[in-house]
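Summary of structural features
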2 protein chains.
Amino acid sequence: MDFQAFYQLSYGLYIITSVWDNKKNGFIGNTVFQVTSKPPTMAISVNKENYTHDIIAESKFFAVSVLTRNTSMDIIRTFGYNSGKDMDKFANVTVQTSENGLPLVLNDTSALFECRVIKTVDAGTHTLFIGEILSAELVQPNADPLTYKYYREVHKGKAPAKAPTFIDETDIKAGEEIYTCQICHYQYKASAGDPDHGIAPGTSFEDLPDDWTCPVCGATKDLFEKN
Amino acid sequence: MDFQAFYQLSYGLYIITSVWDNKKNGFIGNTVFQVTSKPPTMAISVNKENYTHDIIAESKFFAVSVLTRNTSMDIIRTFGYNSGKDMDKFANVTVQTSENGLPLVLNDTSALFECRVIKTVDAGTHTLFIGEILSAELVQPNADPLTYKYYREVHKGKAPAKAPTFIDETDIKAGEEIYTCQICHYQYKASAGDPDHGIAPGTSFEDLPDDWTCPVCGATKDLFEKN
């Protein structure tokens, strides 16, 4: 199987949010797509380990903000590279609470959707939530939506290999070896390890088990490149 | 609900094929997306009225060709605007039969996937087929995949309003009023009508029932514009 083939699939990038029992959260996902037009329905694929997963499973509602091409790296970092278990992702963004009580992120958003889950499909590591679309709103009619391909290409092009824009440079120790995921640009640093997945700080990239995968996007080790 | 918001969702364009009992067919779809990476699985949404739908439902296998930006309008027309009930869509394309017996379209293809259906989800007018990916092959490493947005924009930009490239000009009667779907560019002509959906030739656009929708993409009447 040639994993490079997977890069040929086209996706947008979205913030998917939900709220339940005073817990609200959101994450950046790419698998958002219309399923039927009568009635309008939409499906999303969400990793079961994701904090928002459980909130959607409880509330049966989710909202989708379509990100634009000029989305700030602050938004990407906040919603894509952090867990809502550790921080309030909404602290520094513009949020509007919808009639259904859903938190709608307005920053860098071209369109907004609100959905009520009508079907939940167990797909192993992920759940497919199929939602009836309750509302669809065009926020920025002339904005280009951000695609996953554009995101990869632009940030590969603009940022020096050792300091992609979304990584605090203060985070990188002088001389330390960094391995970058060629899919999502997550950077593995031995000093930090990957404690969430049993990798102690101090573990070199070479010593990672062969079945270790990118904690952000699930890419295998061979898809990492040394900076 | 603002249907313009739906244009902000990003999709690629794909030929989805299958074979069962000597019947093989394929169609152009845009809802193809990875669901999980362990194991690699992929979902597609297929209209139940689609001939390929029943073939996939029987065979439990499907293949996906990722179309490239330079895909010929012949391919788009053959697989996107015809039914395999009426013609052999494979007559004039390069097809390879895979080890699993699936017809793989190679024209204008950047990557190929073969899937075995592991879950079938009833989604009303459509079925979601979730497939385990059996093979993934990169055919053209440097090709840009065709996106639905690019397809809409380029063909809107290059072709005169009365003669989009994929419509035979000989098909258009001099002086006849044409209404074009702003979503998929299907053209409604009174002289042809829409017999597959009970609309007799000679029916003017104005006389179409209010609940008539684009036979290609399902857009409502208000999304058509007179050329």
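Every value quoted in this text rests on a predicted model; they were computed, and no experiment measured them.

Reading the values: the criteria
Residues numbered from 1 in each chain as written. Chains lettered and ligands numbered in written order. Predicted model: local features only at pLDDT ≥ 70, side-chain atom pairs only at ≥ 80, totals over all residues. Heavy atoms only, no water. Helix = DSSP H or I, 4+ residues; strand = E, 2+ residues; numbered from the N terminus. Buried < 20%, exposed > 50% of the residue type's maximum accessible area, 1.4 Å probe, protein only. Contact = heavy atoms within 4.5 Å. Areas by Shrake-Rupley, 256 points an atom, 1.4 Å probe, with all protein chains shown as cover. Pairing = 2+ DSSP bridges. Polar contact = N/O pair within 3.5 Å; in protein donor to acceptor, adjacent residues only side chain to side chain. Phe/Tyr/Trp six-rings, centres within 6.5 Å; stacked < 30°, edge-to-face > 60°. Domains from an automatic or database assignment. Buried area = accessible area lost by both parts, 1.4 Å probe. Salt bridge = Lys/Arg side-chain N within 4 Å of Asp/Glu carboxyl O. Nonpolar A, V, L, I, M, F, W, Y, C, P; charged D, E, K, R; others polar. Axes fitted to C-alpha atoms, helices over the stretch in contact; angles between N-to-C directions. Core = buried A, V, L, I, M, F, W, Y, C linked by side-chain atoms within 4.5 Å.

Further remarks concern the overall build of chain A. The secondary structure content of chain A amounts to 3 helices and 12 strands. For chain A, buried positions account for 52% of its 227 residues. Of the contacts formed within chain A by residues at least 6 apart in sequence, a portion of 60% connects residues at least 24 apart. Carbon and sulfur atoms form 46% of the exposed surface of chain A, whose accessible area is close to 10,300 Å².

Once that is clear, we can look at the pairing of strand E1 (residues 14-20) of chain B. All names here are of chain B. The buried fraction of E1 amounts to 5 of the 7 residues, a majority that puts the element mostly inside the structure. Two elements, E1 and strand E2 (residues 23-29), share 7 bridges in a ladder whose sense is antiparallel. Note on E2: the bridge partner recorded for Ile-15 is Ile-28. The hairpin formed by E1 and E2 contains 2 residues between the paired strands, and Asp-21 there has a positive phi angle of roughly 55 degrees. Examined bridge by bridge, E1 and strand E5 (residues 61-67) share 4 bridges and lie antiparallel to one another. Paired with Ile-15 across the two strands is Ser-65, which belongs to E5.

Now for the environment of Leu138(A). Along the chain, Leu138(A) falls in strand E9 (residues 126-138). With 25 residues separating them in the primary sequence, Leu138(A) and Phe113(A) have C-alpha atoms 9.0 Å apart. Setting aside anything within four residues of it in sequence, one finds Leu138(A) in contact with Ser110(A), Ala111(A), Asp2(B), Gln4(B), Ala5(B) and Gln8(B).

Residue and element names in this part refer to chain B. Along helix H1 (residues 51-59), the residues that are buried comprise Tyr-51, Thr-52, His-53, Ile-55, Ile-56 and Ser-59. As for H1, its buried residues are in contact with E1, E2, strand E4 (40-47), E5, strand E8 (109-123) and strand E9 (126-138). Its side-chain oxygen 2.9 Å from the backbone nitrogen of Thr-52, Asn-50 forms the N-cap of H1. One or two steps after H1, the chain reaches Lys-60, where phi turns positive at roughly 65 degrees.

Take Thr213(A): it is sitting in the loop between strand E11 (187-189) and strand E12 (224-226). Residue classification places Thr213(A) among the buried residues on the basis of a relative accessible area of 17%. Once residues lying within four places of it in the same chain are set aside, the contact partners of Thr213(A) are Gly218(A), Ala219(A), Thr220(A) and Lys38(B).

Take the pairing of strand E3 (residues 32-37) of chain A next. All names here are of chain A. Most of E3 is tucked away: 5 of the 6 residues are buried. Judged from the 5 bridges that link them, E3 and strand E4 (residues 40-47) form a sheet pairing that is antiparallel. By the bridge assignment, Gln-34 is partnered in E4 with Met-42.

As a further point, take the packing of aromatic side chains. Residues and elements named next belong to chain A. Summed over all chains, the structure comprises 21 aromatic pairs over all chains. Pairing Tyr-186 with Phe-224 gives two aromatic rings, centres 6.4 Å apart and planes at 85 degrees, and the pair type is edge-to-face. Here the residue Tyr-186 occupies a position in the loop between strand E10 (178-181) and E11, and Phe-224 occupies one in strand E12, the gap between them amounting to 38 residues. Chaining the aromatic ring pairs together yields one cluster made of Tyr-179, Tyr-186, Tyr-188, Phe-205, Trp-212 and Phe-224.

All names here are of chain A. For chain A, the assigned domains read domain 1 (8-153) and domain 2 (169-226). Taken over C-alpha atoms, the centre of domain 1 sits 27 Å from the centre of domain 2. Taken residue by residue, the interface counts 5 residues in domain 1 and 6 residues in domain 2. Summed over both sides, the interface of domain 1 with domain 2 buries roughly 420 Å², with 50% coming from carbon and sulfur. Among the residues of domain 1 in contact with domain 2, Tyr-81, Tyr-148 and Arg-152 are the three that bury the most area, contributing 78% of the side total. Scanning the region where domain 1 abuts domain 2 turns up 0 salt bridges. Viewed at the interface, domain 2 and domain 1 are joined by 0 residue pairs in polar contact (both at pLDDT 80 or more). Among the residues forming the side of domain 1 that touches domain 2, the class breakdown is 3 nonpolar, no polar and 2 charged.

Residues and elements named next belong to chain A. If you walk across this open sheet you meet the 7 strands as E2-E1-E5-E8-E9-E4-E3, and the pairing is antiparallel. One side of each edge strand has no neighbouring strand; the edge strands of this open sheet are strand E2 (23-29) and E3. Neighbour-to-neighbour, the strand axes of the sheet open up by a mean angle of 30 degrees, direction not taken into account. In this fold helix H1 (residues 51-59) packs onto strand E1 (14-20), E2, E4, strand E5 (61-67), strand E8 (109-123) and E9, with an angle of close to 55 degrees to the strand it touches most, E1. In the packing of helix H2 (residues 73-80) onto the sheet, contacts are made with E1, E2 and E5, and the angle to E2 comes to roughly 115 degrees.

Next up on the list: the nonpolar core. Formed by 88 residues in total, the largest nonpolar core has its most connected members in Ile16(A), Phe62(A), Phe113(A), Leu9(B), Ile16(B), Phe62(B) and Phe113(B). Residues in contact with Ile16(A), not counting those within four places in the same chain, are Asn25(A), Gly26(A), Phe27(A), Gly29(A), Val32(A), Ile44(A), Thr52(A), Ile56(A), Phe62(A), Ala63(A) and Val64(A).

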